[in-house]
Amino acid sequence: MEGSALGKREFDHKFFLVREDVLPEAMKKTLEAKALLEKGSAESIWDAVQQVDLSRSAFYKYKDTVFPFHTVVKEKIISLFFFLEDKPGALSKLLGIVASSKCNVLTIHQTIPLQGRANVTLSLDITEMNVDMDELLAKFRRLEFVAKVEVLSSGG
């Protein structure tokens, strides 16, 4: 099965954000049926597909492959802003706290240090985080080179 679609592991798949108007009708109806099931407006898959005029086979074909955007937003993702002194190993120490807290780095953006300071923005998946948010922020603030840390946004 290696190399076939069935043999692919979940993290081997690529995902795309696609506008609704370019989706095939069966995918749109699958999303509608899933929404009915989620809201409790349909008692069963059969009931949901009947309400949206979709075949059960099409529903089963797409149900695990198409998701509404709001389900992605529900992921536990946080963006943090740091104002750091430009010291060797500073970013490494920040990332060490991220790793020891079981967070996953999604993005890192660092500006060029000016006047001995740099801005760093980290986007983290905190799904598996093993400390609460206040403790994580306190760990960052205890670092001697962290002048400022702020939560920019949170999806979870």
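One structure accompanies this document, and this report is about it. Predicted model only: the values in this text are computed from it and were never measured. (Residues numbered from 1 in each chain as written. Predicted model: local features only at pLDDT ≥ 70, side-chain atom pairs only at ≥ 80, totals over all residues. Heavy atoms only, no water.)

## Focus on the pairing of strand β3 (residues 117-125)
Here is the rule: Whether two strands pair comes down to DSSP finding at least two bridges between them. In this text, helices come from DSSP runs of H or I with a minimum length of four residues, and strands from runs of E with a minimum of two, each type numbered from the N-terminal end.
As paired strands, strand β1 (residues 77-85) and β3 are joined by nine bridges and run antiparallel to one another. Bridge pairing links Ile77 to Asp125 in β3. Across six bridges, strand β2 (residues 104-110) lies against β3 in antiparallel orientation. Bridging from a neighbouring strand, Gln110 pairs with Val120 of β3. Taken together, β2 and the strand that follows it, β3, pair antiparallel across an intervening segment of six residues, in which Gln115 is found at a positive phi of about 55°.

## Details of the nonpolar core
As a rule of thumb, soluble globular proteins bury nonpolar side chains together. Defined as follows: What is meant by a nonpolar core is a set of buried Ala, Val, Leu, Ile, Met, Phe, Trp, Tyr and Cys residues, joined one to another through side-chain atoms within 4.5 Å. For each residue, the accessible area found with a 1.4 Å probe, counting protein chains only, is set against the maximum for its type, and the residue is called buried under 20%, exposed over 50%, and partly exposed in between. The contact definition used throughout considers only heavy atoms, calling two residues in contact when any of these lie within 4.5 Å.
Core analysis: the largest hydrophobic core is formed by 22 residues, its most contacted members being Phe82, Leu94, Leu124, Phe140 and Val146. With residues up to four places along the chain from it excluded, the contact list for Phe140 reads Leu80, Phe82, Leu94, Ile97, Val98 and Val146. Counting nine residues, the second-largest nonpolar core is a separate cluster that includes Leu36, Ala48, Leu54 and Ala58.

## A short note on the pattern of salt bridges
Convention followed: By salt bridge we mean one thing: a side-chain nitrogen of Lys or Arg within 4 Å of a carboxyl oxygen of Asp or Glu.
Within this structure, the stated rule accounts for eight salt bridges. Between Asp53 and Lys29 there is a salt bridge, and its shortest N-O distance comes to 3.8 Å. Here Asp53, found in the loop between α2 (45-52) and α3 (56-62), pairs with Lys29, found in helix α1 (residues 25-39); they are 24 residues apart in sequence, far enough to count as distant. For Asp53, a relative accessible area of 61% gives the class exposed. The salt bridge partner of Glu150 is Lys148, with a shortest N-O separation of 3.1 Å.

## Structural notes on α1
Note the cut-off: Helix span, expected: 1.5 Å multiplied by one less than the number of residues in the helix.
Here α1 spans 21 Å end to end across 15 residues, near enough to the 21 Å set by a 1.5 Å rise per residue. Among the residues making up α1, those that are buried are Met27, Lys28, Lys29, Thr30, Leu31, Ala33, Lys34 and Leu36. Along its buried surface, α1 packs onto α2 and α3.

## Let's talk about the side chain of Thr30
Tracing the backbone through its elements, the reader meets Thr30 in helix α1. Thr30 gets classed as buried once you look at its relative accessible area, which sits at 0%. For Thr30, the contacting residues outside a window of four places in its chain are Leu54, Ala58, Phe59, Tyr62, Lys63 and Val66.

## Structural notes on the packing of aromatic side chains
The condition is simple: Within 6.5 Å between ring centres, the rings of Phe, Tyr and Trp (the latter by its six-membered ring) count as paired, and their orientation is classed by plane angle as stacked under 30 degrees, edge-to-face over 60, tilted in between.
Per the counting criterion, the structure on display carries two aromatic pairs. Judged by centre distance (5.7 Å) and plane angle (80°), the ring pair of Phe59 and Tyr60 falls under edge-to-face. For Phe59, a relative accessible area of 3% corresponds to the buried category. Look at Tyr60 and you get partly exposed, because its relative accessible area is 42%. Taking the centre distance of 4.9 Å and the plane angle of 85° together, the rings of Phe82 and Phe140 count as edge-to-face. Of this pair, Phe82 sits in strand β1 while Phe140 sits in helix α6 (residues 133-141), placing them 58 residues apart in sequence. Looking at Phe82, the relative accessible area reads 0%, which means it is buried.

Any functional reading would require information that these geometric values do not contain.
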